[in-house]
Amino acid sequence: MAHLLHIDSSARPGRSGSDAHGSHTRRLSHHFVQRWLAQHPADTVAYRDVGLTPPAPVTGAWIHSAFTPVDAREDWMRDTLAESDALVAELIAADVIVIGAPMYNFGMPAQLKAYIDNIVRVGLTFGFDRNRSAEPYWPMLTDKPRQVVVLTARGGYSYDGELAHLNHVEPALRAPLNYLGLSDFHSAAIEYDEFGDARLAASISRAEQQVDALVEKLGGTVEARIEVAA
Ligand SMILES: Cc1cc2nc3c(=O)[nH]c(=O)nc-3n(C[C@H](O)[C@H](O)[C@H](O)COP(=O)(O)O)c2cc1C
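Residues numbered from 1 in each chain as written. Predicted model: local features only at pLDDT ≥ 70, side-chain atom pairs only at ≥ 80, totals over all residues. Heavy atoms only, no water.

(A) Spotlight on the pattern of salt bridges. The tally for this structure, following the rule as stated, stands at 16 salt bridges. In this structure, Arg26 and Asp49 form a salt bridge, with 2.9 Å as the shortest nitrogen-oxygen distance. Of this pair, Arg26 sits in helix α1 (residues 24–39) while Asp49 sits in strand β2 (residues 44–49); the two residues are 23 residues apart in sequence, bridging distant segments of the chain. Across the salt bridge formed by Asp160 and Arg154, the nearest N and O atoms sit 3.0 Å from each other. Taking relative accessible area as the criterion, Asp160 reaches 62% and is therefore assigned exposed. Since its relative accessible area comes to 2%, Arg154 is described here as buried. One network of salt bridges, in which partners are shared, links Arg154, Asp160, Glu170 and Glu191. (Salt bridge = Lys/Arg side-chain N within 4 Å of Asp/Glu carboxyl O. Helix = DSSP H or I, 4+ residues; strand = E, 2+ residues; numbered from the N terminus. Buried < 20%, exposed > 50% of the residue type's maximum accessible area, 1.4 Å probe, protein only.)

In structure tokens:
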């Protein structure tokens with residue numbers, strides 16, 4: 001049985017195709033999870049809506065707390081880290097992490113960046129020891145392979161082609177997640193949102209087909225790994 005972590009980060013509450021002015025990334029992430037559950041009904045899903053309920057951004061108190069050894073932490077430090085601890089526990093539990101990630105000003109929404117800043121935790125998701133000169137930093141989420149699926153949407157187009165150098169969504173997610181040990185990365189994108197014409201419709205249809213193909217591919221991989229591990 002696999003466990004999915006489904007994260008949405010669009011500031012738009014509804015889903016395109018179902019709700020007026022709805023979000024394309026919510027549409028794609030929901031599509032992925034519904035299709036996955038149709039094929040693997042015993043699997044479980046945790047849902048985290050950082051778009052509508054963003055984690056608190058990292059503060060000076062958070063940094064002080066996170067870099068204080070666990071045994072030396074005071075109550076206020078444990079309180080400060082409580083939300084981050086919960087987000088890390090959710091991530092550790094997951095076999096598949098599905099992230100709806102719109103492009104805002106060439107990067108991810110601030111809400112999603114706040115989530116990333118909360119899950120990159122010394123001693124929990126990455127190790128750091130300045131005395132290990134060959135490898136002072138190391139990933140800690142290596143107990144099992146985790147599949148990361150980034151489902152993005154943008155108003156313009158060609159961000160996979162001639163504007164690829166301006167696309168800081170997938171690369172800015174891949175780098176920190178890879179740093180934690182999550183190296184199996186997959187993505188699909190809707191483009192042309194701002195044009196609302198036949199090119200948008202074609203892009204939605206193509207992205208949904210890509211999502212279906214990802215569910216097929218990853219479903220087999222994840223279930224096979226879990227059977228071997230059992
Ligand atoms: C604040 C903001 C910034 C945006 N910046 C960009 C951008 O840099 N490039 C782009 O192609 N589209 C941009 N867009 C358009 C969104 O990427 C597009 O509407 C996308 O569908 C949003 O995802 P969603 O449908 O899940 O909400 C922006 C939209 C918003 C609201």
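(B) Expanded view of helix α4 (residues 110–119). In terms of burial, α4 is largely enclosed, as seven of its ten residues are buried. Taken residue by residue, α4 has Gln111, Leu112, Ala114, Tyr115, Ile116, Asn118 and Ile119 as its buried positions. For α4, the secondary structure elements touched by its buried residues are β1 (3–8), α2 (60–66), α3 (75–93), β3 (96–102) and α5 (170–180). (Contact = heavy atoms within 4.5 Å.)

(C) Region of the structure containing the sheet that holds strand β7 (residues 184–190). Strand order in the open sheet formed by five strands is β2-β1-β3-β6-β7, and the pairing between neighbours is parallel. Every other strand in the sheet has two partners, leaving β2 and β7 as the edge strands with one partner each. Pairwise comparison of adjacent strand axes, ignoring direction, gives a mean angle of 15° for this sheet. Bridge analysis of β1 against β3 gives five bridges, and the strand direction is parallel. Paired with Leu4 across the two strands is Val96, which belongs to β3. (Pairing = 2+ DSSP bridges. Axes fitted to C-alpha atoms, helices over the stretch in contact; angles between N-to-C directions.)

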